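Understanding the architecture of this molecule
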Amino acid sequence: MSLSVALNTAQSSLFAAASKLSVSSRNIGAANDPSATRKIALTATTADGGTRVVSITRASNNALYVRMLQANSDSAASSAMNDGLAGLQTTIGDPQSQTSPAARLATLSNALTAAANTPDDPALGQAAVTAAQDLAQSLNDASAIVQKTRAEADGKIAASVTHVNDLLQQFATENDAVVNGSIRGADVTDAMDRRDAILTQISQEMGVSTVSRAGNDIVIYTDSGATLFDRSPRTVTFQASPALDAATTGKAVFVDGVAVTGADATMPIRSGAIAGLTKVRDQIAVTYQTQLDEVARGLVSAFAESDQTGGGAPDAAGLFTASRGSNAVPPVFVAGLAGTIAINAAVDPSRGGAPSRLRDGGMNGAAYIYNPTGAASYAGHLDGLTAALNATQPFAAGAALPGNASVSQFATASVSWLEQQRQSTTGNLDSQKAVLSQATGALSSATGINLDQEYANQLDLERSYQASAKLMGVVNQLYDALLAVIR
Amino acid sequence: MTQITGSISTAVWTGSANLAVPRLQKQISDAGVELSTGRRADVGLSLGAGAGESVLLHAARASIDSQTKSLALSSSIISRTQTVLSQMTSDANAFLQNMVAARASNDGGAVAAQQAQSTLAALTAGLNTSDGQRYIFAGINSAVPPVADFGAGPKAAVDAAFATKFGLNAASPQTDPKVGQIGAADMTSFLDNEFAGQFSDANWSAAWSKASDQPLSASVSGNARVDTATTANTTAMRNLAMAYTMVAGLGTANLSEAARNVVLDRATKMVGTAVTQLTAIGAGLGVSQNRIDHAVEALTQAGTLIDTRIGALEGVDAAEAKTRMDVLTTQLQMSYATTGKLMQLSILNYI
């Protein structure tokens, strides 16, 4: 071994230490970036005994990364559902408050009982009519809130879809950089980090699964199997509905021409914000609207007036009408009834009606008068109305509640249903958040940067650099000594 | 550099203690709300499927309050009716005593007629008693005063029947001198037929009373209703009106002694019957009052039970909430302290 070989070794060691220091300082610089991974400089021994940095790789753990993506999608879906349910919950408020249709209905029932006990007190009749008006209004409001929640979900789906398309474009850029860089043998670790960060963001919007191919290429599918990215980004399309009402269904999201949401979806996605929002828009809010509509229909039919003359005329709408001016009693479910239900103009003083018709009947003409003598303390009809409120009637199956119940029971069951949905979604969200935080922590620990460790490594490298430099000095002195002898 | 088993990244090292902070703060804020209100912070969320029951319980509570209020009103109607009924009974008893006295004296007829007139006026006033909102003897037709003043209403028909039967001066049959010639048998026949006819169902509701046969009532539990008053159409009221009219309106002052005794006997008998009937009505209302009292008692008990149930569903044990808050506060402080400590721990400080 000659002096020049020793000098070469010292030199290569010096370069290797410098490269490693530069990687370590990159790590320190990126320590605050949650998506950054720890970069590792791989060294190899050269033929003449020196070392050199052959490539830079990054710490990775695919199993933990996939688990984090899944937890991210699940928690985004639950979070979207939770937001939607929180919107719907404003129709109920606190059980103690008088916000929910169920509470308003109970108030009306109390007002009717009070009026039946003192039918000759016009103030109590008026109070019952006002309670009925409040109930109709609360159903109208609740229906509006439900449709607003659906419209918001629809708008958020549109925003999500735009975001996914943007992210897929960015993903394409980074993926190209990774694939091309890998062919050239360049350092692609930063591009890979950015690519992972983009994929994490996509998983927020819709559940994904990935397949790695040769050359660090990645293919993205939705969790249902539709292709999102394969060498080039696929288009995700969605047509937002300008207005949603109880009778309209929102449009589906398409990935590469395949429907991934909605009733006709061939590959329905299971997680991510879009899945959660779709569930709110197409299932939870629709079911709740059906419940409200059925409460409204139950009210119209419970308060309907029947022909008192024995003439066999059909029942006609009493205190509650399906819409302003209509006197029909709908026999089956009508979508959007809760939005249109109103009190009968014949009892509404602001529209020229008389509240006393609640006691006497006759909102639909003389044949429907229950109290022909106009006796002031006649309570028979009011008692009958209370009984009708508590009488069992059939309800539509789409409401996901017991099919046979009284209007009051049905309205209460609807409150229970919504709160139960909320409770279970909140519970899911909490546990999914815990899973996400745990998966993120595990991933970060496995692939993230530890400043102390980097600093300790740098001390190591400093020593090695000093030793190599010292060696060069020694070799230099040896050369000097040799040359002095020759001179 | 090799991967170290059990390694940890700086982000996790310094962030893990921080992660719990927002959750702890939310829980402390909830515990604060629970402590100040005594109810759960988000009742609907904590109850879930039980939220419907809570809505129903609050409604039931409101219903109990409103029923109690309307039963108190019904009670007051009953006492009002009882007061009027006992006044009528004492008027009737006074009338009976006066009849005995009238029979004994020579000018007893005139005195009896006078007294009958004022007792009839008192009966009319009693039947038209109103509590300010309703005429309590009018039955369900409570918006109109049930009976007309005798002089302004039924008197004409009674006078006409009297004048026609005995061929008297139609304008003022009572003062016609021919009244003195009416025999006892004729008077009996008149009282049994033409006079009694004035008080038949049809004539009673045409000339005397606008009341409904259906008395005021209140519902005590569910759909069970009890009467809270009686109506002016009951036999007792008709008998009283008939007896008083008999003595007041048939010229008792001028009748022969025999005919006068027929009238007085008949009136005494009818008033006696009516007093018994009034007592029976009073007893019936007493039963109603009793049922209302029981209903109020039951409502009070139900109210207490509902309050307990609402408390169990929505309430929070203040001691438990306070303890929880203390524990959470300690936890939060520890989390802050840990974060601070971890931040200080760096290899840089030791090299």
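What counts, and at which threshold
Residues numbered from 1 in each chain as written. Chains lettered and ligands numbered in written order. Predicted model: local features only at pLDDT ≥ 70, side-chain atom pairs only at ≥ 80, totals over all residues. Heavy atoms only, no water. Helix = DSSP H or I, 4+ residues; strand = E, 2+ residues; numbered from the N terminus. Rg over C-alpha atoms; globule rule 2.2 N^0.38 Å. Buried < 20%, exposed > 50% of the residue type's maximum accessible area, 1.4 Å probe, protein only. Contact = heavy atoms within 4.5 Å. Areas by Shrake-Rupley, 256 points an atom, 1.4 Å probe, with all protein chains shown as cover. Pairing = 2+ DSSP bridges. Axes fitted to C-alpha atoms, helices over the stretch in contact; angles between N-to-C directions. Salt bridge = Lys/Arg side-chain N within 4 Å of Asp/Glu carboxyl O. Buried area = accessible area lost by both parts, 1.4 Å probe. Polar contact = N/O pair within 3.5 Å; in protein donor to acceptor, adjacent residues only side chain to side chain. Nonpolar A, V, L, I, M, F, W, Y, C, P; charged D, E, K, R; others polar. Left-handed = near helix turned anticlockwise from the far one by under 90°. Parallel < 35°, antiparallel > 145°, perpendicular 65-115°, else oblique. Expected span 1.5 Å × (residues − 1). Domains from an automatic or database assignment. Phe/Tyr/Trp six-rings, centres within 6.5 Å; stacked < 30°, edge-to-face > 60°.

Some words on the overall build of chain A
Along its length, chain A carries 11 helices and 13 strands. Taken against the 2.2 N^0.38 rule, which gives 23 Å for 487 residues, the C-alpha radius of gyration of chain A at 37 Å runs more than 25% over that of a compact globule. When the backbone C-alpha atoms are referred to their principal axes, chain A occupies close to 145 × 40 × 35 Å. For chain A, with 487 residues in total, the buried portion stands at 50%. Excluding contacts between residues fewer than 6 apart, the proportion of contacts in chain A whose partners are at least 24 apart in sequence is 64%. Carbon together with sulfur atoms contributes 55% to the accessible area of chain A, which is approximately 20600 Å² in total.

A look at the sheet that holds strand β8 (residues 253–255) of chain A
One key point about sheets: their strands pair by backbone hydrogen bonds, in either a parallel or an antiparallel sense. All names here are of chain A. One open sheet accounts for 3 strands, arranged β7-β8-β9; its pairing is antiparallel. This sheet does not close on itself; its edge strands, each paired only once, are β7 (236–238) and β9 (258–259). As defined by bridge partners, β8 adjoins β9 across 2 bridges and the pair is classed as antiparallel. Note on β9: the bridge partner recorded for F254 is A259. This element, helix α4 (residues 122–184), spans β7 and β8 of the sheet and lies at about 160° to β7.

Some points on the pattern of salt bridges
A side chain with one charge may pair with a side chain of the opposite charge, provided their charged atoms come close. Residue and element names in this part refer to chain A. Counting across every chain of the model gives 36 salt bridges over all chains. A salt bridge links E294 to R297; the shortest N-O distance between them is 2.9 Å. With E294 and R297 both in helix α6 (residues 273–302) and 3 residues apart, the pair spans about one turn of that helix. Assessed through its relative accessible area of 0%, E294 is described here as buried. Under the relative-accessibility criterion, R297 is labelled buried at 6%.

So, the interface of chain A and chain B
Between chain A and chain B, the contact holds 49 residues from the first and 53 residues from the second. Buried area between chain A and chain B, summed over both chains or domains, comes out near 4000 Å², and the portion from carbon and sulfur atoms is 53%. Taken together, the links from chain A to chain B amount to 4 salt bridges. Of the charged contacts, one joins D94(A) and R39(B) as a salt bridge, the two residues approaching to 2.7 Å between their closest N and O atoms. If you look at where chain A meets chain B, you find 24 residue pairs in polar contact (both at pLDDT 80 or more). Of all the secondary-structure elements, those providing two or more residues to the side of chain A that touches chain B are α3 (101–117), α9 (380–389), α10 (407–447) and α11 (451–486) of chain A. Looking at the side of chain A that touches chain B element by element, the count peaks at 13 residues for α10(A). Broken down by class, the residue content of the side of chain A that touches chain B amounts to 20 nonpolar, 20 polar and 9 charged.

A few points about the packing of helix α6 (residues 184–197) of chain B against helix α9 (residues 257–314) of chain B
All names here are of chain B. Between α6 and α9, the shortest axis-to-axis distance is 8 Å and the interhelical angle comes to 35°. Handedness of the crossing formed by α6 with α9: right-handed. Two secondary-structure elements touch here, α6 through A184, M187, T188, L191 and D192 and α9 through A258, A259, V262, V263 and R266. Among the residues making up the contact of α6 with α9, the classes are represented as 7 nonpolar, 1 polar and 2 charged.

Let's talk about the packing of α3(A) against α4(A)
All names here are of chain A. In contact at an axis separation of 8 Å, α3 and α4 are set at 165° when each is read in the N-to-C sense. It follows that α3 is roughly antiparallel to α4 by the angle criterion. The hand of the α3/α4 crossing is left-handed. Each of P101, R104, L105, T107, L108, A111, L112, A114 and A115 in α3 lies in contact with α4, whose residues at this interface are L124, G125, A127, A128, A131, A132, D134, L135, S138, L139 and A142.

What about the environment of L71(B)?
All names here are of chain B. As for its placement among the helices and strands, L71 is situated in helix α3 (residues 51–104). For the pair L71 and A116, spaced 45 residues apart in sequence, the C-alpha separation works out to 38 Å. In this structure L71 touches S219, V220, I292, A295, V296 and L299, once residues within four positions along its chain are discounted.

A word on helix α10 (residues 318–344) of chain B
All names here are of chain B. Compared with an ideal rise of 1.5 Å per residue, which puts 27 residues at 39 Å, α10 spans 39 Å between its outermost C-alpha atoms and is within 8% of the ideal. Those residues of α10 hidden inside the fold are in contact with α1 (10–37). With a side-chain oxygen positioned 3.2 Å from the backbone nitrogen of A319, the residue opening α10 is D317.

Let's talk about the domain arrangement of chain A
You'll often see interface size given as the accessible area lost when the parts meet. Residues and elements named next belong to chain A. Domain annotation of chain A identifies domain 1 (3–59 + 451–486) and domain 2 (66–435). A separation of 65 Å is found between the C-alpha centroids of domain 1 and domain 2. Domain 1 puts 8 residues into the contact, and the matching count from domain 2 is 7 residues. For the pair domain 1 and domain 2, the two sides together bury roughly 620 Å², of which 41% comes from carbon and sulfur. It is R26, S35 and R58 in domain 1 that bury the most area against domain 2; as a group they hold 68% of the surface buried on that side. Counting across the domain 1 and domain 2 interface gives 6 salt bridges. With 3 residues, strand β2 (residues 51–58) is the single largest residue contributor to the side of domain 1 that touches domain 2.

So, the sheet that holds strand β4 (residues 217–222) of chain A
Residue and element names in this part refer to chain A. Here we have 4 strands laid out as an open sheet, ordered β3-β4-β5-β6, and antiparallel in their pairing. Bordering the open sheet on either side are β3 (208–213) and β6 (232–233), each of which pairs with just one other strand. For strand β5 (residues 227–230) and β6, the ladder comprises 2 bridges, and the chain directions are antiparallel. Counterpart to F229 in the pairing with β6 is P233.

Observations regarding the packing of aromatic side chains
All names here are of chain A. Scanning all chains against the criterion turns up 14 aromatic pairs over all chains. Judged by centre distance (6.5 Å) and plane angle (10°), the rings of Y288 and W417 are stacked. With Y288 in helix α6 and W417 in helix α10, this residue pair connects regions lying 129 residues apart in the sequence. Y288 sits in the buried class, given a relative accessible area of 2%. Assessed through its relative accessible area of 14%, W417 is described here as buried.

Observations concerning the side chain of S444(A)
Within the fold, S444(A) resides in helix α10. Assessed through its relative accessible area of 17%, S444(A) is described here as buried. Within the structure, the side chain of S444(A) is placed 2.6 Å from the side chain of S9(B), a separation counted as a polar contact. If we ignore the near neighbours within four places in the chain, the residues touching S444(A) are S9(B), A11(B) and V12(B).

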